[in-house]
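Each chain is listed here by its residues.
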Amino acid sequence: MSIIVPAPHPELAVGLDSPLTVLDLDGTRIANELLDPHLTDIDESALTTLYVDMVRVRRLDTEAFALTRQGHLVLWPPLLGQEAAQVGPARALAPQDWVFGSYREHGFALLRGADMAEFARIWKAFAHGGWDPHEIRMAPSQIIIGAQTLHGTGYAMAAKMDGADEVALTTFGDGATSEGDVNEALVWASAFQAPVVFLCQNNQYAISEPVAVQSGVPLALRPTGFGIPSLRVDGNDVLAMHAAARIAFDRARSGGGPTFIEAVTYRRGPHTTTDDPKRYRDEAEMEAWIAKDPIDRVERALTRMGANMEAVRAEAKIRADQLAKEFRAAAEHAEPPTADAIFDHVYAQPTKRLERQRLEHRAFLASIEGDR
Amino acid sequence: MSETLTLAKAVNAALSDALEGDDRVLLMGEDIGKLGGVFRVTDGLQARFGPQRVIDSPLAESAIIGTAIGMSYRGFRVVAEIQFDGFIYPAFDQIVAQVAKLRYRSRGRVAMPLTIRVPYGGAIGSVEHHSESPESYFAHTAGLRVVTASTPQEAYSTLRAAIASDDPVLFFEPKGKYYSKGEVDRSIVRDLETANVVASGRDVTIAAYGPTVETALRAAIAAADEGIEVEVIDLRAISPLDVDTVVASVRRTGRLVVTHEAPAESSVSSELIASVAERAFPFLEAAPERVTGYDSPYPPSAVEHDYLPSLDRLLDAVDRTLGRRNSRTGLDDPSALAPATTGAAR
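Residues numbered from 1 in each chain as written. Chains lettered and ligands numbered in written order. Predicted model: local features only at pLDDT ≥ 70, side-chain atom pairs only at ≥ 80, totals over all residues. Heavy atoms only, no water.

Visitor: Now, about the nonpolar core: what can you tell me, with residues and values included?
Guide: By size, the foremost hydrophobic cluster in this structure holds 77 residues, and its most contacted members are I65, Y73 and L170 of chain B. Looking at which element gives the most residues to this core, the answer is helix α3 (residues 61-73) of chain B, with seven residues. Excluding its chain neighbours within four sequence positions, the residues that come into contact with I65 of chain B are A80, I82, A91, Q94, I95, V99, L114 and I116 of chain B. Core analysis: the second largest hydrophobic core is formed by 73 residues, V22, F108, W131 and I247 of chain A among them. (Core = buried A, V, L, I, M, F, W, Y, C linked by side-chain atoms within 4.5 Å. Buried < 20%, exposed > 50% of the residue type's maximum accessible area, 1.4 Å probe, protein only. Helix = DSSP H or I, 4+ residues; strand = E, 2+ residues; numbered from the N terminus. Contact = heavy atoms within 4.5 Å.)

Shown next, in the form of structure tokens:
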């Protein structure tokens, strides 16, 4: 079905008045003629999977937050509240697809299969990268805001050149939409009709700055100026996010080019463990977002479907605790890198100059052995 | 077997042979396709290899590099063109924070076999932003290789090496020499980190690269008329620098002049002279000298001949290292060259 008709904006954008939702806060299904056809196979079992995923992601997030407070990690950017915005699209990806994300994509990392022991090393400042990008088909996390959108677009262009059945998903925050790189990525994706999906997790804040500082119009309206169709979706509704991602991926896979998804959500935690949101936002606004909690909503939906919630919760807890235990062990017992790691992997072909510095440093360390 | 080519045609031949030899090689840049590049360096390549492999890109330097990174993840070897030296800065983050660091950040799992071609340097009588020498910004960044070429042969062989390298390489092409001709033997293989001794001599070493190599060779010929033997080294690689070759030369000559078009401050000459001081200090017979662009922005080209290293400025520096009469004779007190006041701007 042809849902998105390329036309001058704002006709290219859907959900500008109200983000697309299929799950009401009380768990009842809201009919949506755009999304529903993409959810016909989501039965109780499939919804349970999404539920367990979100519980595990949240558990990983809270465990890591605690580990940082306890001094086992140096920093953590929490995603509390954004579980659905990541799990919904992550579960719509095909194994061969690639993810190019920022530093807050713990849900994507987990569901792509990142090794938790390696993942923990990033946030212990033991390593810059935390998984094998080619193995899990997810680029190293990106701290420079928006830079990864160009990488995702280039990957998609290359996949198209190769005739590969692959889609690149690039995900970023509301603040990133102000970056030149994101706007250039939209230009290129449109010009080359690249099979790339732009997922903007609009969590309302770029550190302290509310989204109104970045844009006077809904973020989902922006891409329409580039000729890219756009979906504005309730980012706390895992089913709506799953369906929107399926629409975008199908479109990319069938040669329809790029799609932009704005996931309207909320970062309930601080920007990172060093941030203090009390300085810039009213804690009262949190209440409204806690009421829209992505996990509670699915619990209610599952209950309405007749699921044995006690058993589902117990199963989810076992798996989440297992994950937390594994992550804690990795964080507590990781082996720090040696000084030699400074010099590794700078070049494919090591240079004389750097190898000389490696030897000089080794000699220096040997000279003070016993002194420290 | 060799052929006579201009430097621009030698670059074209290297690109053409690389495209021919490896179907994962592709070219991307502004105006490189139908037009053949603003200097016609890529002339005919799109017609021969198609618009999929010689891509006319939208006008966005950061995106040229950023999307080339994405293509590298899929195993393409992208040769990206930045149209002019002065246009590279919008791509600075993607080059310095991304291209340079992805191998390190992924602990060797992500390769960035990217080549970034940059026509650079002055003496073309152009307007602002078209004559700069920004190589030091990139030489300062770990993970990048930065190379230049001084002749058509060097351009051909070094560019082939750059494209074949699994490391990201910035290839600075001396656009003022695009139309100089020379013999090119396509079978000559060059690496990305060895300097060439292009003239031998016992008295003074001149280290040059890119467009200044020719000036240095002319200085060697002129000095020979006065019985001074100048050894000329074409550094070729700016990062990593081949300090060994320069040190070996300075151990024999005891005197060093470094020349480039880029400004002196925190430049290749800064690095080279510091390295030589560290490793050959006892062999130096005189303070090293440098002949470079001044520490001003690139000037209006009406006066670029005063800004750029010239034959006479090089010979003057050679004279200084030898204690011969030179432009600063009688001005040996450094304060004599200092402005009387620093108060008023002019």
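Visitor: A description of the packing of helix α6 (residues 147-161) of chain A against helix α7 (residues 180-192) of chain A should follow, citing residues and the corresponding values.
Guide: Residues and elements named next belong to chain A. For the pair α6 and α7, interaxial distance at closest approach is 7 Å and the crossing angle is 15 degrees. The angle between the axes of α6 and α7 places the two elements in the roughly parallel class. Considering only the axes of α6 and α7, their crossing is left-handed. Contacts from A147, T149, L150, T153, M157 and K160 of α6 reach α7 at D181, V182, E184, A185, W188, A189 and F192. (Axes fitted to C-alpha atoms, helices over the stretch in contact; angles between N-to-C directions. Parallel < 35°, antiparallel > 145°, perpendicular 65-115°, else oblique. Left-handed = near helix turned anticlockwise from the far one by under 90°.)

Visitor: Could you give an account of helix α8 (residues 212-225) of chain B, naming the residues involved and the relevant values?
Guide: Given 3.6 residues to a turn, an α-helix orients residues that are three or four positions apart in the same direction. All names here are of chain B. Under the 1.5 Å per step criterion, the end-to-end length of α8 is 20 Å for 14 residues, consistent within 8% with the ideal 20 Å. Considered for burial, the residues of α8 that qualify are T212, V213, T215, A216, A219, A220 and A223. Relative to the axis of α8, the buried residues are bounded by an arc of 155 degrees and lie together on one face. What points out from α8, more than 90 degrees from its buried face, is the exposed set I221 and D225. Looking at the packing, one finds that the buried side of α8 touches β9 (196-199), β10 (204-208), β11 (230-234), β13 (256-263) and α12 (311-322). Of the residues one or two after α8, G227 is the one with positive phi, at around 80 degrees. (Expected span 1.5 Å × (residues − 1). Arc of directions from axis to C-beta.)

Visitor: So what's going on with the pairing of β10 of chain B? Which residues, and what values?
Guide: On a regular strand, each side chain points to the face opposite its neighbour's, so the side chains alternate between the two faces of the sheet. All names here are of chain B. Where burial is concerned, most of β10 is hidden: five out of the five residues are buried. Where burial is concerned, the two faces of β10 agree: the one with V204, I206 and A208 and the one with T205 and A207 are both buried. Pairing between β10 and β11: five bridges, direction parallel. Looking at β11, one finds that V204 is bridged to V230. Following the backbone out of β10, through α8 and into the adjacent parallel β11, one traces a crossover that is right-handed. The sheet contact formed by β10 and β13 spans three bridges and is parallel. Each bridged residue has a counterpart across the sheet, and for A207 the counterpart in β13 is V258. (Pairing = 2+ DSSP bridges. Right-handed = clockwise from strand over helix to strand, strands pointing away.)

Visitor: Requested: an account of the domain arrangement of chain B, with residues and values cited.
Guide: Residues and elements named next belong to chain B. Partitioning chain B into domains gives domain 1 (2-185) and domain 2 (196-322). On a C-alpha basis, the centroid separation for the pair domain 1 and domain 2 is 26 Å. Residue-level contacts link 24 residues of domain 1 with 21 residues of domain 2. In total, domain 1 and domain 2 occlude about 1,700 Å² of area from one another, counting both sides; carbon and sulfur atoms represent 48% of this. Interface area lost by domain 1 to domain 2 is led by T148, S150 and K177, which between them contribute 23%. For the interface between domain 1 and domain 2, the tally reads two salt bridges. Here E214 makes a salt bridge to K177, at a shortest N to O gap of 3.2 Å. Joining domain 1 to domain 2, the criterion identifies 14 residue pairs in polar contact (both at pLDDT 80 or more). Taken together, the elements giving at least two residues each to the side of domain 1 that touches domain 2 come down to α6 (135-139), β6 (145-148) and α7 (152-164). Its residues placed into classes, the side of domain 1 that touches domain 2 shows nine nonpolar, 10 polar and five charged. (Domains from an automatic or database assignment. Buried area = accessible area lost by both parts, 1.4 Å probe. Salt bridge = Lys/Arg side-chain N within 4 Å of Asp/Glu carboxyl O. Polar contact = N/O pair within 3.5 Å; in protein donor to acceptor, adjacent residues only side chain to side chain. Nonpolar A, V, L, I, M, F, W, Y, C, P; charged D, E, K, R; others polar.)

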